[in-house]
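Below are the chains, spelled out letter by letter.
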Amino acid sequence: MNRVGPQGWRLLLRLITPWRGSLALTLLLLLIQGTVTLLQPWLGGVLTDRLLLNQHLGLLLGLLFALICAQQGLSYVTALQLQKVSGRLQADAGAELYAHLQALPLEWHNARQRGDVLALLYVDIHRIGRYVTGTLLPLLPLLFTLVGALAMMLYLAPLIAVMVAVLMPLMFLALKLVGRKLRPLSHASAQAWAEQSALAEQNLESLALIKAFGTEAAERTNFRQRVDAVYAADLRLEKLQGAINPVVYMIGAGAILLLLGLGGHWVIRSEMRMGELVSVFLYGLVLVGPVGSLASVYGSTMAAMGSLQRLSDALDARPEVDIGRQQVVPVAGDIVYSQVDFTYPGREPLFRSLELTIRAGQTVALTGVNGAGKSTLVHLLLRLVEPQAGSVTIGGIDLREFQLQALRAQIGLVAQQVLLFNASVRDNIAYGRVDAAQEAIERAARAARAHDFICSLPDGYDTLVGDNGVRLSGGQKQRLALARALVKDPPILILDEATAMFDPEGELEFIEECRDVLASRTVILITHRPASLALADRIVRLDSGQVQG
Ligand SMILES: Nc1ncnc2c1ncn2[C@@H]1O[C@H](COP(=O)(O)OP(=O)(O)OP(=O)(O)O)[C@@H](O)[C@H]1O
């Protein structure tokens with residue numbers, strides 16, 4: 001695993017910069033809390049001396065109680081403040097990451113498991129948030145308490161302070177060695193989680209397939225294995241991480257007891273006052289906390305590094321190139337593919353010097369065997385993929401010169417694989433034009449032969465369609481997708497096997513209705529169906545990466 005480079009730290013800095021005010025306030029609160037903590041052992045020593053001299057303790061006890069109350073109050077306020085900052089930081093970073101993931105090319109997503117990408121949003125962001133507020137921010141107050149306690153010890157019992165100062169680095173060294181082992185374990189745990197959630201997501205989405213093929217038992221075993229892997233990875237991590245604090249406390253307690261023995265010896269020989277010994281003992285106890293926390297700083301830094309690495313890898317990926325300035329797409333111009341080369345990563349070249357001109361206003365039927373590249377051809381037009389060489393132009397202007405959104409606004413796509421949101425029929429149709437009036441939605445639905453079946457649904461246009469339209473039939477989903485494209489009223493319409501699920505009657509009706517809809521725009525019909533082919537002004541066949549006809 002790579003070490004997190006400067007870009008990882010820069011990312012961390014960028015994430016926390018917007019919250020610098022709140023973080024500074026929390027830091028101040030933590031420092032005040034540290035000061036209050038440091039005052040208590042000193043007061044404990046004074047109390048002891050007074051007690052031994054038979055003096056009244058009333059005022060001092062009151063002061064000690066006030067200090068304890070102040071410390072507890074501060075601890076509540078700082079914990080709340082830390083929680084607030086951590087929550088807001090995670091919300092902001094999560095929203096930024098989501099926007100970035102959405103802007104990344106489809107190619108990036110296609111090369112990854114969905115679970116891995118989700119883990120970025122759910123696990124890694126959370127871990128970074130916790131690291132900032134639980135580890136990084138309290139670092140300075142911890143150091144302050146540590147140095148303060150050591151300084152007070154040095155003042156009260158220099159020899160003991162020197163011995164503590166020598167022991168501490170040894171302890172840190174040992175913990176650093178442990179911390180080094182933590183990082184791969186933490187990475188393995190995140191990975192195991194990602195694999196488990198990826199499988200759960202995939203299987204729950206494919207439940208109909210699993211049931212139809214009777215593979216429930218195999219999938220149960222599969223999932224059980226992933227869950228066990230998560231359990232094992234977390235246990236390995238916890239075994240090491242959880243051991244750090246007890247070990248630190250045991251070593252710390254041993255050292256304090258030793259020093260207490262030594263101090264006791266000095267008290268007996270009247271080389272030290274009882275009050276001083278009590279203060280040194282209490283400072284020793286105060287020290288154990290920061291030493292333990294500082295020790296876990298290394299471990300949690302290592303654990304956070306894994307997340308930071310994954311996040312910075314994702315955030316370093318380049319979003320879709322969108323540097324074109326042109327906002328007006330000359331849709332009255334021809335669409336021209338010129339000398340286009342295209343290859344999917346790790347595949348044989350799909351198009352080599354492909355040439356194709358689609359005249360404005362024409363209806364072109366695109367045919368060819370499975371895998372000939374028909375969908376890819378329209379993905380090039382939408383700039384969902386980019387050619388490695390050559391160009392695609394509209395009205396003589398290279399697609400890269402248009403603003404991405406302006407280009408896509410002119411194109412209506414009914415994809416081969418219909419994607420619907422778990423929302424109402426109305427919202428799904430209006431997705432490309434949220435301001436569409438009911439009248440426009442119904443017009444589009446009628447044109448797509450969808451209105452009648454929508455009216456027969458329990459809540460008509462308000463019926464929820466379920467995850468990816470699971471409560472609709474294949475043909476109904478396709479009609480909704482068609483209505484969604486039509487309501488956008490795009491000058492360029494792409495129908496990728498859009499009538500494949502229609503019954504012959506429905507297809508004929510649709511084609512009849514569509515003559516008007518199609519006549520007014522440039523249409524690319526990907527189809528093998530004779531009825532649809534009859535709609536076309538021209539039939540283009542893709543074969544071996546070239547256009548025939
Ligand atoms: N994301 C991808 N990564 C790698 N290869 C891909 C990807 N998408 C498609 N391909 C490959 O590119 C080729 C063309 O695919 P495309 O979907 O464009 O074909 P098509 O002509 O639309 O096929 P069909 O008629 O089956 O819908 C196929 O061989 C396919 O395996």
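Up top is the structure.
Just so it is clear, the structure is predicted and the values come from calculations on it, not from any experiment. (Residues numbered from 1 in each chain as written. Predicted model: local features only at pLDDT ≥ 70, side-chain atom pairs only at ≥ 80, totals over all residues. Heavy atoms only, no water.)

What is the right way to look at the sheet that holds strand β1 (residues 335–342) in this model?
Adjacent strands of a sheet pair through backbone hydrogen bonds, lying either parallel or antiparallel. Judged by pairing direction, the sheet is antiparallel, and its four strands sit side by side in the order β2-β1-β4-β5 without closing on themselves. Pairing within the sheet leaves two strands with one partner each, and these edge strands are β2 (351–358) and β5 (397–398). Relative to β5, strand β4 (residues 389–394) runs antiparallel, the two being bridged by two bridges. Across the sheet, residue Thr-393 finds its bridge partner in β5, namely Asp-398. Packed on one face of the sheet, helix α11 (residues 374–381) meets β1, β2 and β4 and runs near 115 degrees to β1. (Pairing = 2+ DSSP bridges. Helix = DSSP H or I, 4+ residues; strand = E, 2+ residues; numbered from the N terminus. Contact = heavy atoms within 4.5 Å. Axes fitted to C-alpha atoms, helices over the stretch in contact; angles between N-to-C directions.)

I'm lost on the packing of helix α5 (residues 114–136) against helix α10 (residues 274–316) in this one. Help?
Any two packed helices are characterised by how steeply their axes cross, that is the angle between the axes, and by the distance between the axes. Remark: α5 packs on α10, axes separated minimally by 9 Å, with the N-to-C direction vectors making an angle of 140 degrees. The orientation of α5 with respect to α10, classified from their angle, is oblique. With respect to the hand of their crossing, α5 and α10 are arranged in left-handed fashion. Of α10, the residues touching α5 (which contributes Asp-116, Ala-119, Leu-120, Asp-124, Ile-125, Arg-127, Ile-128, Tyr-131 and Thr-135) are Val-297, Ser-300, Thr-301, Ala-303, Ala-304, Ser-307, Leu-308, Arg-310, Leu-311 and Ala-314. Here the residues of the contact of α5 with α10 sort into eleven nonpolar, four polar and four charged. (Parallel < 35°, antiparallel > 145°, perpendicular 65-115°, else oblique. Left-handed = near helix turned anticlockwise from the far one by under 90°. Nonpolar A, V, L, I, M, F, W, Y, C, P; charged D, E, K, R; others polar.)

Which parts of the structure should I look at to understand the nonpolar core?
Note on soluble globular proteins: their nonpolar side chains tend to be buried together. Counting residues in hydrophobic clusters, the biggest one holds 42 residues, and the most contacted among them are Val-425, Ile-429, Ile-454, Leu-480, Leu-482, Leu-486 and Leu-495. Elements with a contribution of two residues or more to this core: α13 (425–429), α14 (438–447), α15 (451–455), α16 (474–487), β7 (492–496), α17 (504–519) and β8 (522–526). Among the elements that line this core, the one with the most residues is α16, at seven residues. Those residues in contact with Val-425 that sit more than four places away from it in its chain are Ile-454, Leu-457, Gly-460, Tyr-461, Thr-463, Val-465 and Leu-480. (Core = buried A, V, L, I, M, F, W, Y, C linked by side-chain atoms within 4.5 Å. Buried < 20%, exposed > 50% of the residue type's maximum accessible area, 1.4 Å probe, protein only.)

Looking at this structure, how should I read the side chain of Asp-124?
The topology assignment puts Asp-124 in helix α5. For Asp-124, a relative accessible area of 0% puts it in the buried group. With near-sequence residues (within four places) excluded, Asp-124 lies in contact with Ala-119, Ser-307, Arg-310 and Leu-311.

In this structure, what is going on with the pattern of salt bridges? I would like to understand it.
When the charged atoms of two side chains with opposite charge come close together, those side chains can pair. Taken as a whole and judged by the stated rule, the model has 14 salt bridges. Residues Asp-49 and Arg-273 are paired through a salt bridge, measuring 2.9 Å at the closest nitrogen-oxygen approach. Placement of Asp-49 in helix α2 (residues 20–52) and of Arg-273 in the loop between α9 (216–268) and α10 is noted, with a sequence separation of 224 residues between them. Residues Glu-271 and Arg-269 are paired through a salt bridge, measuring 3.1 Å at the closest nitrogen-oxygen approach. (Salt bridge = Lys/Arg side-chain N within 4 Å of Asp/Glu carboxyl O.)

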